[in-house]
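Report on the structure
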Amino acid sequence: MNCCSSCSSYSSSEDNMNSSRRYDSYNEAFTKNFIIFFLVFTIICINGAFVYTYFKGKDFQQDPRYVLYIHLVINDMIMLILSLGLVIATYTGNPGFIPCWIMLVILMTTNRNSPLNLAGMALERYIAVCLPLHHVQICTVQRAHLLIALIWLVSFIPAFTDIIIILITQTLSVFSKKVFCNATLVYNTPYHVTLSLVVEVLMFSFVFLTVVFTYLNVLLAARGVSGVSRASMRNARNTILLHGVQLLLCLLSFIAPFINLFLVTNWPHKRTDIFFSTFVFTNVLPRLLSPLIYGLRDKKFRGKIQTHFCFKGCRTVEERMKVRPRRTSKQAIH
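Residues numbered from 1 in each chain as written. Predicted model: local features only at pLDDT ≥ 70, side-chain atom pairs only at ≥ 80, totals over all residues. Heavy atoms only, no water.

**Comments concerning the UniProt feature "transmembrane region" (unreviewed entry) in the chain**
As recorded in UniProt, the feature "transmembrane region" (unreviewed entry) lies at residues 34-55, 67-89, 146-168, 197-220, 240-262 and 274-296. Structurally, residues 146-168 is divided into 100% helix and 0% strand, and its ends, taken at the C-alpha atoms, are 33 Å apart. (UniProt positions renumbered as here; feature names shortened; annotations may be inferred. Helix = DSSP H or I, 4+ residues; strand = E, 2+ residues; numbered from the N terminus.)

**A short note on the packing of helix H4 (residues 64-92) against helix H5 (residues 97-130)**
Interaxial distance between H4 and H5 falls to 9 Å at its minimum, and their mutual angle equals 160°. One element, H4, and the other, H5, form an angle in the roughly antiparallel class. The hand of the H4/H5 crossing is left-handed. (Axes fitted to C-alpha atoms, helices over the stretch in contact; angles between N-to-C directions. Parallel < 35°, antiparallel > 145°, perpendicular 65-115°, else oblique. Left-handed = near helix turned anticlockwise from the far one by under 90°.)

**Notes on H4**
The first and last C-alpha atoms of H4 sit 42 Å apart over 29 residues, in line with the 42 Å expected at 1.5 Å per residue. In terms of burial, H4 is a largely internal element, 22 of the 29 residues being buried. (Expected span 1.5 Å × (residues − 1). Buried < 20%, exposed > 50% of the residue type's maximum accessible area, 1.4 Å probe, protein only.)

**Examining the packing of aromatic side chains**
Summed over the entire model, instances satisfying the criterion amount to eight aromatic pairs. Between Phe30 and Phe34 the ring centres are 6.3 Å apart and the planes differ by 15°, which places this aromatic pair in the stacked class. With Phe30 and Phe34 both in helix H2 (residues 26-56) and four residues apart, the pair spans about one turn of that helix. Ring pairing ties together the aromatic residues Phe30, Phe34 and Phe38, which thus form one cluster. (Phe/Tyr/Trp six-rings, centres within 6.5 Å; stacked < 30°, edge-to-face > 60°.)

This is the structure we're talking about:
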């Protein structure tokens, strides 16, 4: 159990399912799969509401900030769906090497996409606040799309390199075998361990330094202004700080194997429960909190969400709340 790949968090879940097939009863296995399915389905529905709102509003599609945000949401949806597929597959049978490799490549790529996307969003806020005159020229929708393509390329290269290492170190017969789709079992050479460690350290160091750099610069810029500009910078500072929190949530999936190792060493009889719990709390729930907090915090997005999905009763209550102060003020005048 180590952090030898970007999807090591999913390895934890897969180890959980491997252990579950040996130790979990039918009811326990059904309950755990149902809980994971329910959580993933709920998150997909909630995130789907944000995606629907984005594509229904042309103004969102013309703002690079929202382009990067919705990419983060869709990326997490893809990762959750594939993760759920792997969890279920461990109970129904081992897939062939090639289908497993395809799923692992996509999982590893999407897992690395999230922190890199957060770095791009932090840079966009930094440019908007500290270089406002150049923001329109630098941050365009076309460049946001190019940045997303670059993020996928950077994340895909290490995932593809893993299979190159297998081609070099193992015989071609491995491609015809059925395997337990576990990243730590499929990519089990010392070269994979070294590659994964180097990539993760470099990537998170880059993203962490980017978030810290943008936050400090916005913080310093906010001290020299006042009024509306100061409030705008305060919002930008809080947004970048939120990106830091989101980065920590992403980091949970990478340190999950170490958490599992510590807990299983001390409570080995709770092995399957530990793997299940860490998978839910370090992989599934952060995928809900991260986009949900960011999306609902944005007034523009929140307003559109209410327009598309809030019941008429909600709007009636809001209208009454707006009208009530006006009536009291008129009564006071009379």
